Amino acid sequence: MSKAVMGQDGSIRLPGDFLLRRRLSQGMEWWLDQRDVALILLPRLSDLRKLYVEPTTVCNLNCRTCIRNVWKDSKAHMEMETLRQLVEQTKELSELRRVVFSGLGEPLTHPHILEMVRLVRERDLAVTIGSNGLLLDKAMSRELVALGVDRLVVSLDGVTPETYAGVRGAMISQVLDNIRGLNEAKRELGSLMPTLGIEFIALRSNIAELADLTGLASQLGAARVLVSNVLAYTDEMRDEILYGYEPRAPFSAGSWPVKADAWVMWGTLELPRMHWGAEQHCRFVQDRAMVVGWDGGVAPCYALSHNYSYLSVDGRRKEVTRYALGNIAQQSILEIWTSEEYCRFRNEVRDFHFPSCPDCDLRESCDLREQNKGCWGWNPSCADCLWAQNIVQCP
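Just so it is clear, the model here is predicted, and its values are computed rather than measured.

Participant: Would you explain the overall build of the protein in this entry?
Facilitator: If you tally the helices and strands in the protein, you get eleven helices and 17 strands. Taken against the 2.2 N^0.38 rule, which gives 21 Å for 395 residues, the C-alpha radius of gyration of the protein at 22 Å falls within 12% of a compact globule. Judged by the C-alpha coordinates and their principal axes, the protein covers about 75 × 50 × 40 Å. The buried share of the protein, taken over its 395 residues, is 52%. The long-range fraction of contacts in the protein, counting pairs at least 24 apart against all pairs at least 6 apart in sequence, stands at 70%. A total of about 19000 Å² of accessible surface is found on the protein, and carbon and sulfur atoms cover 50% of it. Computing the positive centroid from 45 side-chain charges and the negative centroid from 51, the protein places the two 4 Å apart.

If you want it as structure tokens, here you go:
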């Protein structure tokens, strides 16, 4: 362990080998924090790598599993000027690699989604789009291929028409036809992109069809299937959950062949955790990601990007308030990302400095949980977060 010595003027000199090992350079700025007797240095780095952009909170479906069943947030599209500001501000972020058009609305409902994609691609940033696939007609598919979108994730919560319609209230045949149309557009334009991913929300009422999903994925040329448990916004969805406190058998894993031009690859199946445990980490923080909402508001993750309520792992209802760390109309992304509050929040999450509320003896009577707060550590609290448990997953 290296030793640092404080000088008479209060300055602390860090050893050269420590600086070299940590790749710390002269002139770096830090926020100084304290926990108990320990001093914590939080570097102000422009190391944001992944940007989730919510083009809209409007959707063309009314799914049983959706947050819209319990929220009162606005239904609105992102203004193009907001998107232009956002793209301009990304020039300050040298490590930014990917923009994900997703969120709690259907991106393809935005009347200018193709222009949004074009502006991001002009910055030479990779683009992922998450969609329910119903608006992915032939014209849209050709445009997305031509613009160089490299990943498309389509939600398929069933394999049979009856199961899919029971969750989404729509026809799966239309989605499958649209995906085949996308593959045809890729062949006509001589492109292997976008690669196709499938997201599957596991419920008691559809889990029997997971075994058939990999076969369908192979037919559609999907390279990835992401399985997530449902976040129970309603009592109805609470009855559909497959996870719990006690260890449960995981879903069966597997792979499948995916033909890509003259090559054959193997698709991957990403499965969620099925029970509450001690291991907790946040993929949003780990991946150095942030969420920019339709109105330009910045949140650290999807879980804190809107106002809503849900049922925690033990069935306690929680009211979540949107955690806004800034707005790109008032501050740049870089200023928000390197702000004292955001740097401290990420450090708290990396250390997971939160109580384990679901394991507490007072969990049934504590009213702090109902407000998404904890009795110690940072607030809003991530103590009950099912994303941090990898029980709920995002593309």
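Participant: Looking at this structure, how should I read the nonpolar core?
Facilitator: If you look at soluble globular proteins, the nonpolar side chains tend to sit buried side by side. Core analysis: the largest hydrophobic core is formed by 114 residues, its most contacted members being Leu51, Phe101 and Phe284. Sort the elements by how many residues they give to this core and helix H6 (residues 172-188) lands first, with six residues. Apart from the residues lying within four places of it in its own chain, the contact partners of Phe284 are Tyr52, Ala289, Val291, Pro300, Cys301, Tyr302, Trp387 and Cys394.

Participant: When you look at the packing of helix H4 (residues 138-147) against H6 in this model, what are you seeing that I'm missing?
Facilitator: The relative placement of two packed helices comes down to the angle between their axes together with the axis-to-axis distance. At their nearest, the axes of H4 and H6 sit 9 Å apart, and the two run at 45° to each other. As far as their axial angle goes, H6 and H4 are oblique. Crossing of H4 over H6 shows right-handed handedness. Residues Ser141, Arg142 and Val145 of H4 lie in contact with H6, whose contacting residues are Asn178, Gly181, Leu182, Ala185, Lys186 and Glu188.

Participant: What's the story with the pairing of strand S4 (residues 38-43) in this structure? I'm lost.
Facilitator: In summary, the side chains of a regular strand alternate between the two faces of the sheet. Here six bridges tie strand S3 (residues 30-35) to S4, and the two strands are oriented antiparallel to one another. Bridge pairing in S4 places Trp30 opposite Pro43. The turn linking S3 back onto S4 is made up of two residues, and Asp36 within it adopts a positive phi angle of 55°.

Participant: I'm lost on the pattern of salt bridges in this one. Help?
Facilitator: Note that side chains of opposite charge can pair when their charged atoms are close. Summed over all chains, the structure comprises 21 salt bridges. When the shortest N-O distance is used, the salt bridge between Asp157 and Arg168 registers 2.8 Å. One end of the pair, Asp157, is in the loop between strand S8 (151-155) and helix H5 (161-168); the other, Arg168, is in helix H5, with eleven residues separating them in the sequence. For the pair Asp157 and Arg168, one class covers both residues: buried.

Participant: In this structure, what is going on with the packing of aromatic side chains? I would like to understand it.
Facilitator: Here a ring pair, both rings aromatic, is described through the centre-centre distance and the interplanar angle of the planes. Applying the stated criterion across every chain yields a total of nine aromatic pairs. On the basis of an interplanar angle of 80° and a centroid distance of 5.6 Å, the ring pair of Phe284 and Tyr302 is categorised as edge-to-face. Here Phe284 is found in helix H9 (residues 283-286), whereas its partner Tyr302 is found in the loop between strand S14 (297-299) and strand S15 (308-311), with 18 residues between them in sequence. Considering the side-chain rings of Phe352 and Phe354, the 5.1 Å spacing of their centres and the 70° angle between planes classify their relative orientation as edge-to-face. Put simply, the rings of Tyr52, Phe284 and Tyr302 touch in pairs and so form one group of aromatic residues. Against the face of Trp337 rests Arg346, its NZ or CZ located 3.7 Å from the ring centre. Lying over the aromatic face of Tyr342, Arg346 brings its terminal NZ or CZ to 4.7 Å of the ring centre.

Participant: Please clarify how the side chain of Glu348 should be interpreted in this entry.
Facilitator: Structurally, Glu348 is set in helix H11 (residues 340-351). Taking relative accessible area as the criterion, Glu348 reaches 6% and is therefore assigned buried. Among the polar contacts listed, one links the side chain of Glu348 to the side chain of Arg35, at a separation of 2.8 Å.

Participant: Can you help me understand helix H2 (residues 80-89) in this one?
Facilitator: An α-helical segment advances 3.6 residues per turn. Residues three or four places apart therefore align on the same side. The set of residues buried in H2 consists of Met80, Thr82, Leu83, Leu86, Val87 and Gln89. In this structure, the buried side of H2 is in contact with strand S5 (50-53), strand S6 (98-101), helix H3 (113-121), strand S13 (289-292) and helix H10 (333-337).

Reading guide: rules and limits
Per-chain numbering applies: the sequence of each chain, read as written, is numbered from 1 onward. pLDDT decides what is reported in this predicted model: residues at 70 or higher carry local features, side-chain atom pairs at 80 or more are listed and counted, and totals for whole chains, interfaces and linings draw on all residues regardless. Each side-chain value is derived from all of the structure's non-hydrogen atoms; neither hydrogens nor water enter the calculation. Elements are defined by DSSP. Helices are runs of H or I of four residues or more, strands are runs of E of two residues or more, and each kind is numbered from the N terminus. For the radius of gyration, the atom set is restricted to C-alpha positions; the globular benchmark scales as 2.2 Å times the number of residues to the power 0.38. Each residue's exposure class comes from its accessible area (1.4 Å probe, protein chains only) as a fraction of the maximum for that residue type: buried when under 20%, exposed when over 50%, partly exposed otherwise. Here, two residues are considered to be in contact whenever any of their heavy atoms come within 4.5 Å of each other. Accessibility throughout is a Shrake-Rupley quantity obtained with a 1.4 Å probe, and a residue counts as covered only by protein chains that appear here. In this tally, Lys and Arg are treated as positive and Asp and Glu as negative; His is ignored, and so are the chain termini. Taken as the charge location is NZ of Lys, CZ of Arg, CG of Asp or CD of Glu. Buried Ala, Val, Leu, Ile, Met, Phe, Trp, Tyr and Cys residues that are joined via side-chain atoms within 4.5 Å together make up what is termed a nonpolar core. Between N-to-C directions, angles span 0 to 180 degrees; the directions come from axes that are lines fitted to C-alpha atoms, helices contributing only their stretch in contact. Should an angle fall under 35 degrees it is taken as roughly parallel, and over 145 as roughly antiparallel, whereas 65 to 115 is taken as roughly perpendicular and any remaining angle as oblique. Helix crossings fall into two classes, left-handed where the near helix is turned counterclockwise from the far one by less than a right angle and right-handed where it is turned clockwise. Strands qualify as paired when DSSP identifies two bridges or more between them. We define a salt bridge as a contact between a side-chain nitrogen of Lys or Arg and a carboxyl oxygen of Asp or Glu at a distance within 4 Å. Two aromatic rings, drawn from Phe, Tyr or Trp (for Trp, its six-membered ring), form a pair once their centres lie within 6.5 Å of each other, and the interplanar angle then sorts them: stacked below 30 degrees, edge-to-face above 60, tilted otherwise. The criterion for a charge sitting over a ring is simple: Lys NZ or Arg CZ within 6 Å of the ring centre, and within 35 degrees of the ring normal. Polar contact is the term for a pair of N or O atoms within 3.5 Å; when the atoms are in protein, one must be able to donate a hydrogen and the other to accept it, and sequence-neighboring residues count only if both atoms are side-chain atoms.

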